[in-house]
Every structure is written in structure tokens, then in C-alpha cells.
Amino acid sequence: MLSCLCADPWNSPDGDEVNVDSDVTTGNEPPHVQPKLSAQLPQLTAPDEDMPPAFVATVSEEIPDVFMISFAKMEGHAGIRFGHVEDLLVVEDVGSDHIAQWNSMQRDEMVQVRSMDRVVAVNDTKGSAEELLALFREAGEVKISLQHPRNFAIELRRGKAKENRKLGLEVSASEGDLGIVVLKVLEEGLIPHYNSTAGKGMQIQAYSSIYAINGKAWPSLTLLRMLEKLEVFKVSLRMWSAV
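All of these numbers come straight from a predicted model, not from anything done at the bench. (Residues numbered from 1 in each chain as written. Predicted model: local features only at pLDDT ≥ 70, side-chain atom pairs only at ≥ 80, totals over all residues. Heavy atoms only, no water.)

A. Region of interest: a negative patch on the surface. Taken together, the side chains of Glu86, Asp87, Glu130 and Glu131 make up a negatively charged region of the molecular surface. Along the chain, aspartate 87 falls in the loop between strand 5 (81-85) and strand 6 (88-93). (Patch = residues over 30% accessible without salt bridge, like charges linked within 9 Å, V, L, I, M, F, W, Y side chains within 5 Å. Areas by Shrake-Rupley, 256 points an atom, 1.4 Å probe, with all protein chains shown as cover. Salt bridge = Lys/Arg side-chain N within 4 Å of Asp/Glu carboxyl O. Lys, Arg positive; Asp, Glu negative; His and termini not counted. Charge placed at Lys NZ, Arg CZ, Asp CG, Glu CD. Helix = DSSP H or I, 4+ residues; strand = E, 2+ residues; numbered from the N terminus.)

In C-alpha cells, the structure reads:
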């Protein structure tokens, strides 16, 4: 479902205001974990007889929160449930098979596969969500690069300024846990205004995910209506760095 949050139907109080709470999390989201720069992490695994076959983990030295695991699998998704919108592909549930077993043996959270990790590449190939899913579905040795999301919240106040009455986003309402996915940031609106004043790395960009308003995760269609109508509200987002 595609939407453009650019309508201007509401009157508002004086003043425009944007507050940022960096690294705010809600629910049971994992805390942001700084990456450890390491070429390979054999010390993180359990003894060979206890671990899934052919699992190897590496951490990116260039891109924050990106890591890669490789393992052999049968045809299919190895028990993982994915969610996607256009080019955004994320893990929604790791299931109970090899990936869950892998996670249980890792003391370093950086190389644990978690819900809402973004799939960056499969077998060193980037592409659309459908292309990556097709590659991962194949049987044999698979190498999947993932990126943990960064969670934070911003408080927005529409105010009287006409250009800030609209949100200034094109979005898609996801049916899964992704919530509202930002497809494009427009030139005018509350979010473009926020971006112009936000610090480095804090700008909302394409494929950010809005998953809660005022600290509560609502169904995506409810989130959409709230984004269109509320005057003062706190938006919780997930963001993934450009890769």
C-alpha cells in the first residue's frame, strides 16, 4: 500500500518543534551494539560437534553493524521468515532451525541474527528483495550479509507553518512487523525540515521504518492515520546505514 503523507487538512498551535531522543528503544528491541572489527570470529563458536555445519561469521571493517555468516543449507529459507518492501528485505523471525542454534552459541551479540536485521547481500550479490530471496532459497553453501538496525525516536510538532503541515514522505504500509516504510523523502514538509536541522547520521531517509507512535506499536494502517492527523507526536524509527 503506497501513500503520500502530504495532505494539509488540519489547524495547529503556534510553533514548530522537533526533539530527538537518540537510541531510544521500545518493547523488547535489542540495544544498539557497536561493531567489533575482526576479520574472523572462530573464538565465538562452540566446539565443532555442537555447532551447525559450516557456520563462519565475519564482521565488516567498513560499514557499521554489518556482519556476514555462511553455512550449508537445504533448499528453502532455513526456517527464517522474511519481510520486504521494494528493495528493503529484513528478517522478521529467525525460526527454530540452524540460525536459532547459531544464535544460542554466540556470546557476542554483534554476530547474532535478530528480528529486523536487514539483508544487505546474498553470496556477495546485492539486488532487490525478490532477487535476494531467490538467491537465499537455493540449496548449498550460502553467505548472507546482514545489518542490525539503529532505533531512535523523534518528537514532532506540526505548528502553523504551512510547509510543515504535511509530513513530506512517500510511504508504504507493510502487512508485517516492518510498520510504515519510507520510500521517499520529499522536498517540503515536517520531515524534510527535521532533516535539515538533524545531526550527521540522524536524518530520516528512504527505507527507514516507522514502527511506533507515542511509544506504542500500532497496526500499520493505524500508524498511517496517526501520522496524517496528530499535532504533537513521538515517532519511533528503525534505520539502516547506506550500504
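Still more ground to cover, so stick around.
B. Highlighting the nonpolar core. Formed by 25 residues in total, the largest nonpolar core has its most connected members in Ile154, Leu156, Leu167, Ile180, Leu227, Phe233 and Val235. Broken down by secondary-structure element, the contributors of at least two residues to this core are strand 9 (150-157), strand 10 (169-173), strand 11 (180-185), helix 3 (190-197), strand 12 (209-213), helix 4 (220-229) and strand 13 (232-239). With residues near it in sequence (within four places) discarded, valine 235 still touches Phe152, Ala153, Ile154, Leu156, Ile210, Ala212 and Leu227. Within the second largest apolar cluster, 24 residues are counted, among which are Ile69, Leu89, Val122 and Leu146. (Core = buried A, V, L, I, M, F, W, Y, C linked by side-chain atoms within 4.5 Å. Buried < 20%, exposed > 50% of the residue type's maximum accessible area, 1.4 Å probe, protein only. Contact = heavy atoms within 4.5 Å.)

C. Molecular detail of the packing of aromatic side chains. Inspection of the entire model under this criterion finds one aromatic pair. The interplanar angle of 80° and the centroid separation of 5.5 Å between the aromatic rings of phenylalanine 82 and phenylalanine 136 together place this pair among those described as edge-to-face. Separated by 54 residues along the polypeptide, phenylalanine 82 in strand 5 and phenylalanine 136 in helix 2 (residues 129-137) bring together distant segments of the chain. Comparing phenylalanine 82 with phenylalanine 136, the two get one shared label, buried. Sitting over the ring of phenylalanine 136, lysine 73 keeps its end group 5.0 Å from the ring centre. When the ring centre of tryptophan 218 is taken as reference, the NZ or CZ atom of lysine 216 above it lies at 4.3 Å. (Phe/Tyr/Trp six-rings, centres within 6.5 Å; stacked < 30°, edge-to-face > 60°. Lys NZ or Arg CZ within 6 Å of the ring centre and 35° of its normal.)

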